[in-house]
Amino acid sequence: MGMLYDGRKPVSVEWPTLAVAVAIYSGFGLLTWFYHQIPWWLVLPLGGYFVAWHGSLQHEAVHGHPTRSARFNEALVFPSLWLWLPFSLYRDSHLTHHNDVALTDPIEDPESTFIARTDWERRGTLARTGLWTLKTLAGRMLFGPICCFWRLAVDESRRLWRGTTGARRIWGWHAVSCALVLGWTWGVCGIPILEYILFFAYPGTALTMMRSFLEHQARENVGERTAIVESGPILSLMYLNNNLHTVHHLEPGTPWYRLPQRYRAMRSKILEHNGGYLVPGYRSIALRYLLWPKESPVHPLT
């Protein structure tokens, strides 16, 4: 099944996406402004939701939305609500990930959750236990963010030490984007930085990692590597319909608000293309894989 195309010409401004941006920043602003009047058990899910939602907006910007101006799109998502990942690094790695021929490959795909067999054989018992744990939904959401933070810190420290071209510029701009967020949350709203991380940045990253938990699997057939998760409206909105991941990989230029219609129109063909890799919602994922590994950490084709 080749690239899908719905015959529509790209518009110059995608107003639904701009409306989402307004909703995210307005909601985030109100939640942080009234932070000290809201109970923690309500701040936690709402803070995580807004940060994950903003991450989905960044994903749209990576793919050229909501306008034809890359500078405007990147400026729209410039504040780093989750603090840890520079947008340009995310953009470059994610576009590399869209080479479907290399999907899930632990060497070629920067978003792969697998490890090569030769690397596995070099790992000790503790490291192997950790890798198995990350293959459960609970492990991925609880420990996945800190593992990502650590890997990024190690890799980027090496790049900065070696003086890799552009590394200092990337992190300089990222420092500005974080300063904007912390200037508001800490400087204006009086939210301690550790509390912001615990109630906003960390759960937001964890919710994003829930989406990507099983969106790809290792299969010989390239089309069968990408999933469809038929989620309800709340999580679908937070993920900007990226849970319909097969459609997104077939039509990476299609804006989020058109994906459901595209999926409904070609559901049978899409499911034939991905080998029936269909999941009926995130509740079913939690019931099945919360404490049980989805698959082996070792890539079966290496």
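Residues numbered from 1 in each chain as written. Predicted model: local features only at pLDDT ≥ 70, side-chain atom pairs only at ≥ 80, totals over all residues. Heavy atoms only, no water.

1. A closer look at unusual backbone geometry
When glycine is set aside, most residues are seen to have a negative phi, and most peptide bonds are trans. Residue Pro-66 is reached from His-65 by a cis peptide bond, and omega for that bond is 5°. Along the chain, the position of Pro-66 falls in the loop between helix H2 (40-62) and helix H3 (70-76). A positive phi angle, close to 50°, is found at Leu-240, a residue other than glycine. In this fold, Leu-240 is placed in the loop between helix H10 (233-238) and helix H11 (245-250). Overall, Leu-240 belongs to the buried group, its relative accessible area being 2%. A positive phi angle, close to 60°, is found at Asn-241, a residue other than glycine. Topologically, Asn-241 is positioned in the loop between H10 and H11. Its relative accessible area of 10% is what places Asn-241 among the buried residues. (Helix = DSSP H or I, 4+ residues; strand = E, 2+ residues; numbered from the N terminus. Buried < 20%, exposed > 50% of the residue type's maximum accessible area, 1.4 Å probe, protein only.)

2. Observations regarding the packing of helix H7 (residues 137-162) against helix H9 (residues 193-211)
Direction vectors running N to C along H7 and H9 enclose 120°, while the axes themselves pass 9 Å from each other. Comparing the axis directions of H7 and H9 gives the class oblique. Remark: the crossing between H7 and H9 carries right-handed chirality. Residue-level contacts link Leu-137, Arg-140, Met-141, Leu-142, Phe-143, Gly-144, Pro-145, Ile-146, Cys-148 and Phe-149 of H7 to Tyr-202, Thr-205, Ala-206, Leu-207, Met-209 and Met-210 of H9. In terms of residue class, the contact of H7 with H9 is made up of 13 nonpolar, two polar and one charged. (Axes fitted to C-alpha atoms, helices over the stretch in contact; angles between N-to-C directions. Parallel < 35°, antiparallel > 145°, perpendicular 65-115°, else oblique. Left-handed = near helix turned anticlockwise from the far one by under 90°. Contact = heavy atoms within 4.5 Å. Nonpolar A, V, L, I, M, F, W, Y, C, P; charged D, E, K, R; others polar.)

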